Amino acid sequence: MQQLDQLISGLAAYHPGADTELVRRAYAFAAAAHEGQTRKSGDPYVTHPLAVAHVITELKLDVASICAGLLHDCVEDTTATVEQLQSLFGKEVAFLVDGVTKLGKLPYSTREEQQAENFRKMLLAMARDIRVILVKLCDRLDNMRSLHHLPPEKQERIAAETLQIYAPLANRLGIQWVKTELEDLSFQYLHPGEYEQLSQEVAKSRAERQEYITHVERLIEKEMADNGVPCQVSGRAKHLWSIYQKMRRTERPYEEIHDAIGFRVVTDNQMHCYQALGVAHQTWTPIPGRFKDYIALPKPNLYQSLHTAVIGPRGERIEVQIRTMEMHMVAESGIAAHWKYKEGKPVVADDEKKFAWLRQLMENHTELRDPTEFLESVKIDLFGDEVYVFTPQGDVKALPKGSCPIDFAYAVHSNVGDHCSGARVNGMIVPLRYQVRNGDTIEIITSPNQKPNKDWLKLVKTAKARTKIRYLLRTEQRDKAIAMGKDLLDKAFRKHNSTLSRAEKQLQAAAKELKCVDIDELIMQVGYGKVTAQQVLEKALPELSKAQPTALEKSESVLKNLLRKVTRRTSSSGIKVAGADDILVRFGRCCSPLPGDPIAGFISRGRGVTVHRRDCEQGLDLDPDRRIEVEWDGSSTAQHEVALQVLCADKPGLLSHLSQAFTDHAVNINQAHCRATEDGRAVNTFHASVKDLEQLKIVIRALTRVKGVFSVARVSADG
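Bear in mind the structure is a predicted one, so any value in this text is a computation, not a measurement.

Enquirer: A description of the overall build of the protein should follow, citing residues and the corresponding values.
Expert: Counting its regular elements, the protein contains 29 helices and 21 strands. For the protein, the residues scored as buried account for 49% of the 719 residues in total. Within the protein, contacts between residues at least 6 apart in sequence are counted, and of these 67% link residues at least 24 apart. A total of about 35200 Å² of accessible surface is found on the protein, and carbon and sulfur atoms cover 50% of it.

So this is what it looks like as structure tokens:
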């Protein structure tokens, strides 16, 4: 009960009039519902919802959110129902719990589909009440803190999901301390070798770094006071994941990362913010291109601050963020800092503009049926820095860094994007591959004859543009497939003195038996090659099965036999297609899937099934209607080629150490391409044969530990 008392006192500290009795009742209900259940650590299960509620109080949320944190697993893991919670704790608490509850009791064909639908449900609930995702983030944070009790494969899966979705979501919501902790915890489980090595290197320099931070804090305080700027100054080292990302981005070791320290200047008003910036630039040399004004142009997650980088004392590069106290509260707690109370309910109407990005997120993703594409699309919208550009009328548009004029065109209107033929940036004609920059004024040139093409998918960065382009390209593919399907079926039916138009009723019956929604889908599946014309004939005209085989049947039979002969020669692929292992299979060289990778198969007429990794961009660009279920054959001993790019220092003997790392783990190098760069580095691309994903991970860890190696990445086999 001591932990419950701490929870109650934490709530009372920021919300004195809170209904603490409701919180006590929620805890009692959760404790009773989870009675007898334990966590992997062996602790009583109720310690988890209690810990989640503690994190919720750190965000200073209301009583309903804390109760939802205490009760969030009751519907999923106990006999409690949403209706029961509503009768005991009210509609508000029940809605939040229902929004956080997974859809685990519904049947899904893959874990990915379940993950996508869980997240889609949370997004829908989040659009109605932002507290749903805040409670979920607190739940995920506590799960990550206790992840060491789970087996390694679960640790890796949960950490990857956290890094790909929940940490970026915390960032989008502006809750920096949650984002930072989630990233570092994920780093620990996804790259344990690199995490351990970097932790040790950071620990070695901790005392020296702290001395430098204290020294610079005093210098900044003195300069600001001398210039009449009241402020509080604090310095901090960047968190481990941030440093690791910078090491990979710049291809430099830790000792060469000079701006791993940041300083925050918190003052009393906006005018003093700009005055403080002037003092910083007057005192130390600013680094060109590193100044950003998020006060005049706030981020969509409400974040406001001035950012600059300077050559500070002792020649060290330092980052300086300048903001007011109110801005600082938002920077730390994001949307949670804007929480208001009015008769126990949050005032959302007043904050409609602040939540506009949420509405946009929903509009971009709710119509995507394919789970893989849905999750990929959400990740695009959650990740990355943004640039701010202008329409010719002066309206501001926020786009992901690296966006092109096509992204801007779709941000203006879908119809503008569909017919975008060119662009003027600041009055000058630019190619569509141009990457927009902060402050650009963009005017889109349209043509009624212009339509999206596949090359656009290589240029665009926004989920909206990618989704719209894919939709139009797939519509074109489907039209072609329907035309081909009609042609094939018409020829087949004519051989039996019938036509498509005369066999409508029989086709409806065939569609039902072949699990197609309607005749159109059946025709399309024939066009794609997922269903053969002979299969349709057998279902539509069952009397044919008793008759002598026709020329068409004979040819299809010969084709199947040829296919089996081919696939027997290539059965070492180790893939089963829809439960069968006698189908011609190719692996996409764009992603080179390995046993252990989540995979998807796509039928290509006349070329069998092409297998891609589920997260492969080229696979995602294909029509989901061509997708067929594939799985790894666990009994296969096939070797699979994979390409690894190793960035390292260019020094004698290092290539030998890299080769030895492959040899030590029984991995054969098929070919290697090595080149030195002008800055004393080397780029090495190795094509090697491995049996599965686990063996690849072991080799990557071994390569990462070689002294002088900056990064190791899996790349396209075509590259």
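Once you've had a look at it, read on.
Enquirer: Outline the pattern of salt bridges, listing residues and values.
Expert: In total, this model carries 20 salt bridges according to the counting rule given. Lys697 serves as the salt-bridge partner of Glu156, at 2.0 Å between the closest nitrogen and oxygen. Of the two residues, Glu156 is situated in helix α10 (residues 152-172) and Lys697 in helix α29 (residues 693-705); the sequence distance between them amounts to 541 residues. Where Arg290 meets Glu319, a salt bridge forms, and the shortest distance between an N and an O atom there is 2.8 Å. In this pair, Arg290 sits in the loop between β3 (285-286) and β4 (292-293) while Glu319 sits in strand β6 (residues 317-324), placing the two residues 29 residues apart along the sequence. Judged by relative accessible area, Arg290 falls into the partly exposed class, the value being 25%. Salt bridges linked by common partners bring Asp62, Glu92 and Arg131 together as one network.

Enquirer: Explain the confidence of the model for the protein to me, using residue names and the numbers behind them.
Expert: Where the model shows low pLDDT, its predicted coordinates should not be examined in detail. Residues of the protein with pLDDT of at least 70 account for 83%, and the chain-wide mean is 82. Low pLDDT, under 50, characterises residues 339-350; the stretch is placed with 20 contacts to residues that sit more than four places away or in other chains.

Enquirer: I'd like to hear about the nonpolar core, residue by residue, with values.
Expert: Counting residues in hydrophobic clusters, the biggest one holds 61 residues, and the most contacted among them are Val23, Leu70 and Leu71. Here this core takes eight residues from helix α9 (residues 131-145), the largest share from any one element. Other than its neighbours up to four places away in sequence, Val23 contacts Leu7, Ile8, Leu11, Val63, Ile66, Cys67 and Leu70.

Enquirer: Could you give an account of the packing of helix α22 (residues 463-494) against helix α24 (residues 519-528), with specific residues and numbers?
Expert: Their axes nearest at 7 Å, the elements α22 and α24 cross at an angle of 90 degrees. With respect to each other, α22 and α24 are oriented roughly perpendicular. Two secondary-structure elements touch here, α22 through Gln477, Arg478, Ala481, Ile482, Met484, Gly485, Lys486, Leu488 and Leu489 and α24 through Asp520, Ile523, Met524, Val526, Gly527 and Tyr528. Residues belonging to the contact of α22 with α24 are distributed by class as follows: nine nonpolar, three polar and three charged.

Enquirer: Please give an account of the packing of aromatic side chains that cites residues and values.
Expert: Evaluation of the coordinates by the stated rule reveals eight aromatic pairs. For the ring pair Tyr294 and Tyr303, a centre distance of 6.0 Å and an interplane angle of 70 degrees mean the geometry is edge-to-face. The class for Tyr294 is buried, based on a relative accessible area of 8%. The exposure class of Tyr303 is buried, given its relative accessible area of 9%. Summarising the aromatic geometry, the rings of Phe587 and Trp632 are spaced 6.0 Å apart at their centres and angled 15 degrees between planes, so their arrangement reads as stacked. With Phe587 in strand β13 (residues 585-587) and Trp632 in strand β17 (residues 630-632), the pair connects residues that are 45 residues apart, well separated along the chain. Through successive ring pairs, a cluster of aromatic residues spans Phe187, Tyr195, Trp241 and Tyr244.

Enquirer: Now, about the sheet that holds strand β20 (residues 681-690): what can you tell me, with residues and values included?
Expert: Strand order in the open sheet formed by four strands is β19-β20-β18-β21, and the pairing between neighbours is antiparallel. Strand pairing shows two members of the sheet lacking a second neighbour, β19 (668-676) and β21 (709-715), which therefore form its edges. Direction aside, the axes of adjacent strands within the sheet are offset by 20 degrees on average. Here strand β18 (residues 640-649) pairs with β21 via six bridges, running antiparallel. In the strand pairing of β21, Val646 is matched with Val712. Set on the sheet, helix α28 (residues 654-664) makes contact with β18, β19, β20 and β21; between it and β20 the angle comes to about 20 degrees. Each of β18, β20 and β21 is contacted by α29, which is oriented at about 160 degrees to β21, the strand it contacts most.

Enquirer: Break down the environment of Tyr212 for me, with residues and values.
Expert: Counting through the fold element by element, Tyr212 comes out in helix α13 (residues 206-226). For Tyr212, a relative accessible area of 6% gives the class buried. Along the chain, Tyr212 and Pro313 lie 101 residues apart, while their C-alpha atoms are 8.9 Å from each other. Sequence-distant contacts of Tyr212, that is, excluding residues within four places in its chain, are made with Ile261, Gly312, Pro313, Arg314, Glu316 and Ile318. There is a polar contact of 2.8 Å between the side chain of Tyr212 and the backbone oxygen of Pro313.

Enquirer: Hey, could you go over the environment of Tyr166 for me, with residue numbers and the actual values?
Expert: Within the secondary structure, Tyr166 is located in helix α10. Among the residues examined, Tyr166 registers a relative accessible area of 4% and is labelled buried. Residues Tyr166 and Lys179 lie 13 residues apart in sequence; the distance between their C-alpha atoms is 7.9 Å.

Enquirer: Describe unusual backbone geometry, and please don't skip the residues or the numbers.
Expert: Even without being glycine, Lys60 reaches a positive phi, approximately 60 degrees. For Lys60, the position within the fold is in the loop between α3 (47-58) and α4 (63-71). Although it is not a glycine, Lys515 adopts a positive phi angle of roughly 60 degrees. Here Lys515 is to be found in the loop between α23 (504-513) and α24.

Enquirer: Before we move on, could you go through the sheet that holds strand β10 (residues 428-430) and cite the residues and values that matter?
Expert: Pairing in this open sheet of three strands is antiparallel, and the strands run β10-β9-β11 from one edge to the other. Strand pairing shows two members of the sheet lacking a second neighbour, β10 and β11 (442-446), which therefore form its edges. Averaged over all pairs of adjacent strands, the angle between their axes in this sheet comes to 35 degrees, without regard to strand direction. Two elements, strand β9 (residues 420-425) and β10, share three bridges in a ladder whose sense is antiparallel. Across the sheet, residue Arg424 finds its bridge partner in β10, namely Ile429. Sheet strands in contact with helix α19 (residues 405-412) are β9, β10 and β11, and its direction is about 85 degrees off that of β11.

Enquirer: Give a detailed account of the packing of helix α11 (residues 176-190) against helix α12 (residues 192-204), specifying residues and quantitative values.
Expert: Contact geometry of α11 with α12 gives a least axis separation of 5 Å together with a crossing angle of 120 degrees. With respect to α12, the element α11 is oriented oblique. Each of Asp184, Phe187, Gln188, Tyr189 and Leu190 in α11 lies in contact with α12, whose residues at this interface are Pro192, Glu194, Tyr195 and Leu198. Split into classes, the residues belonging to the contact of α11 with α12 amount to six nonpolar, one polar and two charged.

Cut-off values and rules
- Residues numbered from 1 in each chain as written.
- Predicted model: local features only at pLDDT ≥ 70, side-chain atom pairs only at ≥ 80, totals over all residues.
- Heavy atoms only, no water.
- Helix = DSSP H or I, 4+ residues; strand = E, 2+ residues; numbered from the N terminus.
- Buried < 20%, exposed > 50% of the residue type's maximum accessible area, 1.4 Å probe, protein only.
- Contact = heavy atoms within 4.5 Å.
- Areas by Shrake-Rupley, 256 points an atom, 1.4 Å probe, with all protein chains shown as cover.
- Salt bridge = Lys/Arg side-chain N within 4 Å of Asp/Glu carboxyl O.
- pLDDT = per-residue confidence, 0-100.
- Core = buried A, V, L, I, M, F, W, Y, C linked by side-chain atoms within 4.5 Å.
- Axes fitted to C-alpha atoms, helices over the stretch in contact; angles between N-to-C directions.
- Parallel < 35°, antiparallel > 145°, perpendicular 65-115°, else oblique.
- Nonpolar A, V, L, I, M, F, W, Y, C, P; charged D, E, K, R; others polar.
- Phe/Tyr/Trp six-rings, centres within 6.5 Å; stacked < 30°, edge-to-face > 60°.
- Pairing = 2+ DSSP bridges.
- Polar contact = N/O pair within 3.5 Å; in protein donor to acceptor, adjacent residues only side chain to side chain.

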